[in-house]
Amino acid sequence: MTRIYYFSGTGNTYWSAKKLAQRIGDAVIVSISREIKQPEIRVEADAVVFMFPAYAYGVPVMVRRFLEKAEIRAGYLAALVSYGSSPGGALAEVSRVLGRKKLVLNYGGRIPAVENYIPIFGAQKAELRNRRLALQAEATEQAAAAIVSRTSNRVLTFRPFAGFVSALFHIGCPRMGRLFRVTAACNACGLCARICPAGAISMTGQGPVFQNGCEQCQACLNFCPRKAISFGRLKPDTERYHHPEVAAEELFEVGHK
Ligand SMILES: Cc1cc2nc3c(=O)[nH]c(=O)nc-3n(C[C@H](O)[C@H](O)[C@H](O)COP(=O)(O)O)c2cc1C
Ligand code: SF4
Ligand code: SF4
């Protein structure tokens, strides 16, 4: 049995986790944002795969907390990072956290995907987006084949610059939710609060209120059906992005909350 633990904001990682499970066969996928709420986390299987997006050359805050908190027992450990341009030291960070627990990361894989940080990088053009979606599908297949055959590779753990950028992100991230703005287009439908993997949005009759604990996953901003959430210089009419084969409802079901 393989257990696949994933964290995903806009569905890229979730899509790959689903495909990986189908390809491996005897596998289950588990939402890290749901599992982390357990008082104790036991991760036990023949093979365990951690899947997450790269954030600021490292791993999301919740993923690091999860890896630190979990008691892990597995014959084979793999980590797959989904990324928009460069995953930096994300795999190195996982390897270091596991190393402190005297565990070895057997396999680290990179899965290119569509960049979802649109307030910073803007929306990707359709042609590039389609190319990245095709690359994602191909890399997911390759990762599945590697995991099925229990491939091992070496993940470099010494990535000082990436480690520094990621550490800064981890300090600032939990308070960054307050930088979101909600425009008059909001009709208080509540979707953003339901999709938030961090439970960092509460609803009032007027709309969402952002609280501490944001992971910067961009799910609220990208899934809002009225493009009513903005951040920095993001224009109201900028095209939003989520994986085209992942609907918000599916993410609610599998356990964002
Ligand atoms: C806060 C934030 C930071 C990011 N940092 C990086 C990064 O350092 N390198 C990179 O290649 N992509 C970065 N990305 C892009 C995502 O890793 C990428 O789009 C990923 O596929 C999103 O996965 P998801 O849809 O499962 O959330 C970042 C995205 C966000 C929201
Ligand atoms: S998803 Fe958009 S429209 Fe719905 S409550 Fe949130 S901000 Fe408002
Ligand atoms: S507030 Fe928005 S960006 Fe922050 S964790 Fe929740 S859904 Fe993600």
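Preceding block: the structure.
Just so it is clear, the structure is predicted and the values come from calculations on it, not from any experiment.

Colleague: Just to check I follow, could you spell out the overall build of the protein for this structure?
Modeller: The helix and strand tally for the protein stands at ten helices and nine strands. Expected size for 257 residues packed as a compact globule is a radius of gyration near 18 Å; at 18 Å, the protein falls within 12% of this value. Along the first, second and third principal axes, the C-alpha set of the protein runs to 50 × 40 × 35 Å. The proportion of buried residues among the 257 residues of the protein is 54%. Sequence separation of 24 or more characterises 79% of the internal contacts of the protein that already satisfy a separation of 6 or more. One finds the centroid of the 33 positive side-chain charges in the protein at a distance of 7 Å from the centroid of its 19 negative side-chain charges.

Colleague: Can you help me understand the nonpolar core in this one?
Modeller: A general trend in soluble globular proteins is that nonpolar side chains are found buried together. Residues Leu20, Phe50 and Phe52 are the most contacted members of the largest nonpolar core, which totals 66 residues. The contact partners of phenylalanine 50, leaving out residues within four places of it in the chain, are Tyr5, Phe66, Leu67, Ile72, Leu77, Ala78, Ala79, Leu80 and Leu98. Within the second largest apolar cluster, 18 residues are counted, among which are Ile201, Cys214, Leu221 and Cys224.

Colleague: Please explain the environment of valine 148 as it appears in this structure.
Modeller: You can see valine 148 is positioned in helix H6 (residues 126-148). We classify valine 148 as partly exposed; its relative accessible area is 45%. Along the primary structure valine 148 and leucine 20 are separated by 128 residues, whereas in three dimensions their C-alpha atoms are 9.9 Å apart. Those residues in contact with valine 148, other than ones at most four positions away along the chain, are Arg23 and Ile24.

Each value, and the rule that gives it
- Residues numbered from 1 in each chain as written.
- Chains lettered and ligands numbered in written order.
- Predicted model: local features only at pLDDT ≥ 70, side-chain atom pairs only at ≥ 80, totals over all residues.
- Heavy atoms only, no water.
- Helix = DSSP H or I, 4+ residues; strand = E, 2+ residues; numbered from the N terminus.
- Rg over C-alpha atoms; globule rule 2.2 N^0.38 Å.
- Buried < 20%, exposed > 50% of the residue type's maximum accessible area, 1.4 Å probe, protein only.
- Contact = heavy atoms within 4.5 Å.
- Lys, Arg positive; Asp, Glu negative; His and termini not counted.
- Charge placed at Lys NZ, Arg CZ, Asp CG, Glu CD.
- Core = buried A, V, L, I, M, F, W, Y, C linked by side-chain atoms within 4.5 Å.

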